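Structural overview for review
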Amino acid sequence: MKRILAILMINIFIVMVGVGLITPILPELIIEFGASGRAIGLLVASYGITQFLLSPMTGQLSDRYGRKVFIVVGVIVFAVAKFMFAIGDELWMLYTSRLLEGVAAALIIPPMMAYVADITTIEERAKGNSLLAAAMSFGFVIGPGLGGLLAAYGTRVPLYTATGAAMIAVIFSIVCLPESLSKEQMKAARATIHQRESIFKQYARSLKSKYAMFFIIVLVMTFGLANFESVLGLYVTNRFQFSPQNISILLTAGAVIGVGMQALVVAKMIKQFGEKRLIKGSLLFTSAAYILFLFAKDFWSIFLVTSLIFFATATLRPALNTLLSKMAGNEQGYVAGINNAYMSVGNILGPTLAGFLFDANMFAPFLTGCCILLMTFLITLKMKVK
């Protein structure tokens, strides 16, 4: 199990690094194309559109046809997307690349989350989800830092690097990653599905299901991180004149601290306090940290608060995934797909709203994020803690 989990972690890390590494180079690209700050938000958010549309479908299909094929094809699509972004000399090429990245995420993440459930027992699931979430979170937040460092050698260098890493991951997965479902399990899954629902019917059904509250929290969690990260560079540049290197160090070091704690501590915290208590605590803590961030006025205070935000979000993700996986039973692919779809909604709304709000007032994205997280925390108070 450890070897397989390591392969999954490497794949998702490479993908999420590739998703995030465009953040520090976007200002230069936007200037190059003569676009606005609003365009940054829309470009970052476009990734979530195709992820939103395809995730419910890929989750269910992986129950029927296996996890491996979707993971491998997803990483191939991701490599194509990064190469297209690297050679793009028109704004539409950048948007197309981001849409393809959303396709890749939809193909990879739900089957991968279901894969973890396939190979772990209930007792091991929190640890498995924590490690996968650590790789995902680490990739997503270290991506901007790595992108900033590589951009010193050329604006497009990070993109070519991501393309090469993805192709290595494809070969590695084809050779080393086994299928987690037996032919009998896939055949049984195909036999139990008699009709196809439209995407919107699936979303409507998810909001009436026993998972509804937790899907909404997934959306809010993703919204909060995407909202924060998409305008963080613009905020510290405009207010404190941070350099790209400052931003890279800030994000990279914060990621190491937050995800390191996640990999080592979160599974134990879930065992000690339970998923629901951690969910509530993380939401409250993150909303408070957003306010603290606005009072931070030097590099080290901003570094500290940013690290706390990453850690709180990193705690929330595996707690949610573990709870949903325990509730899912034989619906692992379906629940993982809808889970990822709600993540994509957050990835759409977070950067889009942050871009519009930032153009109006640089403090507005963080105040809005705080209010939404706090309201969600208040709603979770109705949840009974086992």
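What comes next is a walk through the structure. The structure displayed is predicted, hence computed values, not measured ones. (Residues numbered from 1 in each chain as written. Predicted model: local features only at pLDDT ≥ 70, side-chain atom pairs only at ≥ 80, totals over all residues. Heavy atoms only, no water.)

**Notes on the overall build of the protein chain**
Under the convention used in this document: What counts as a helix is a DSSP run of H or I of at least four residues, what counts as a strand is a run of E of at least two, and both are numbered from the N terminus. Two things to know: the radius of gyration comes from C-alpha atoms, and the globule rule equals 2.2 Å times the number of residues to the power 0.38. The cut-offs for exposure are 20% and 50% of the maximum accessible area for each residue type, with area from a 1.4 Å probe on protein chains only; residues under the lower value are buried, those over the upper are exposed, and the others partly exposed. Every residue pair with non-hydrogen atoms within 4.5 Å of one another is taken to be in contact. Note that accessible areas follow from Shrake-Rupley with a 1.4 Å probe, and for residues the cover is restricted to the protein chains shown.
The secondary structure content of the protein chain amounts to 15 helices and zero strands. Whereas a compact globule of 386 residues would reach a radius of gyration of roughly 21 Å, the protein chain reaches 19 Å, a difference of no more than 12%. When the backbone C-alpha atoms are referred to their principal axes, the protein chain occupies close to 60 × 45 × 35 Å. Split into buried and exposed, the 386 residues of the protein chain put 58% on the buried side. Put simply, 88% of the contacts in the protein chain that link residues at least 6 apart link residues at least 24 apart. Accessible surface for the protein chain amounts to roughly 15700 Å². Of this, 70% is attributable to carbon and sulfur atoms.

**Re the packing of helix α12 (residues 275-295) against helix α13 (residues 299-328)**
Cut-off, in case you're wondering: For helices, the axis comes from a line fit to the C-alpha atoms of the stretch in contact; other axes are also lines fit to C-alpha atoms, and the angle between any two N-to-C directions lies between 0 and 180 degrees. Note on angle classes: values under 35 degrees are labelled roughly parallel, values over 145 roughly antiparallel, values of 65 to 115 roughly perpendicular, and the remainder oblique. By definition, any crossing whose near helix is turned counterclockwise from its far helix by less than a right angle is left-handed, and any crossing with a clockwise turn is right-handed. Ten residue types, Ala, Val, Leu, Ile, Met, Phe, Trp, Tyr, Cys and Pro, are classed as nonpolar, four, Asp, Glu, Lys and Arg, as charged, and the remainder, Gly among them, as polar.
Between α12 and α13, whose axes approach to 9 Å, the crossing angle comes to 155°. Of the possible angle classes, the one that applies to α12 and α13 is roughly antiparallel. Taken as a pair, α12 and α13 cross one another with a handedness that is left-handed. Here the contact of α12 with α13 is built from residues that sort into 17 nonpolar, six polar and three charged.

**Remarks on unusual backbone geometry**
Residues other than glycine seldom take positive phi values, yet Gln-241 does so here, at roughly 60°. The residue Gln-241 is located in the loop between α10 (212-240) and α11 (244-273) in this model.

**Comments concerning a nonpolar patch on the surface**
As a reminder of what qualifies: For patches, a residue must show more than 30% relative accessible area and have no salt bridge; joins then use 9 Å for like charges and 5 Å for nonpolar side chains, namely Val, Leu, Ile, Met, Phe, Trp and Tyr. Throughout this description, the term salt bridge denotes a Lys or Arg side-chain nitrogen within 4 Å of a carboxyl oxygen of Asp or Glu.
Side chains of Leu-284, Leu-374, Leu-378 and Leu-381 sit close together on the surface and give an oily, nonpolar patch of about 340 Å² of accessible area. Among the structural elements, Leu-378 can be located in helix α15 (residues 364-380). A relative accessible area of 47% means that Leu-378 is categorised as partly exposed.

**Notes on the pattern of salt bridges**
Applying the stated criterion across every chain, the model contains five salt bridges. Residues Arg-67 and Asp-118 are paired through a salt bridge, measuring 2.7 Å at the closest nitrogen-oxygen approach. Placement of the pair is Arg-67 in the loop between α3 (37-65) and α4 (68-87) and Asp-118 in helix α5 (residues 91-119), with a sequence separation of 51 residues. Looking at Arg-67, the relative accessible area reads 2%, which means it is buried.

**Quick look at the nonpolar core**
Grouped burial of nonpolar side chains is what soluble globular proteins tend to show. The cut-off we apply is this: By convention a nonpolar core is built from buried Ala, Val, Leu, Ile, Met, Phe, Trp, Tyr and Cys residues, the set being connected through side-chain atoms within 4.5 Å.
Ranked by size, the top nonpolar core spans 95 residues in total, and within it Leu-8, Ile-12, Ile-279 and Phe-293 carry the most contacts. The element contributing the most residues to this core is α10, with 14 residues. Beyond its immediate chain neighbours, meaning those up to four positions away, Leu-8 contacts Ile-71, Met-112, Tyr-115, Val-116, Leu-132 and Leu-177. The next biggest cluster of nonpolar side chains, apart from the first, holds 13 residues, and it includes Ile-22, Ile-25, Ile-142 and Ala-162.

**Focus: the side chain of Asn-321**
Threshold: Within 3.5 Å is the distance limit for a polar contact, defined as a pair of N or O atoms, with the added protein rule that one can donate a hydrogen and the other accept it, and that residues adjacent in sequence qualify only through two side-chain atoms.
Within the fold, Asn-321 resides in helix α13. Exposure remark for Asn-321: the relative accessible area of 10% places this residue in the buried category. In terms of polar contacts, Asn-321 uses its side chain to reach the side chain of Asn-339, at 3.0 Å. Residue contacts for Asn-321: discarding those within four places in its chain leaves Met-113, Asn-129 and Asn-339.

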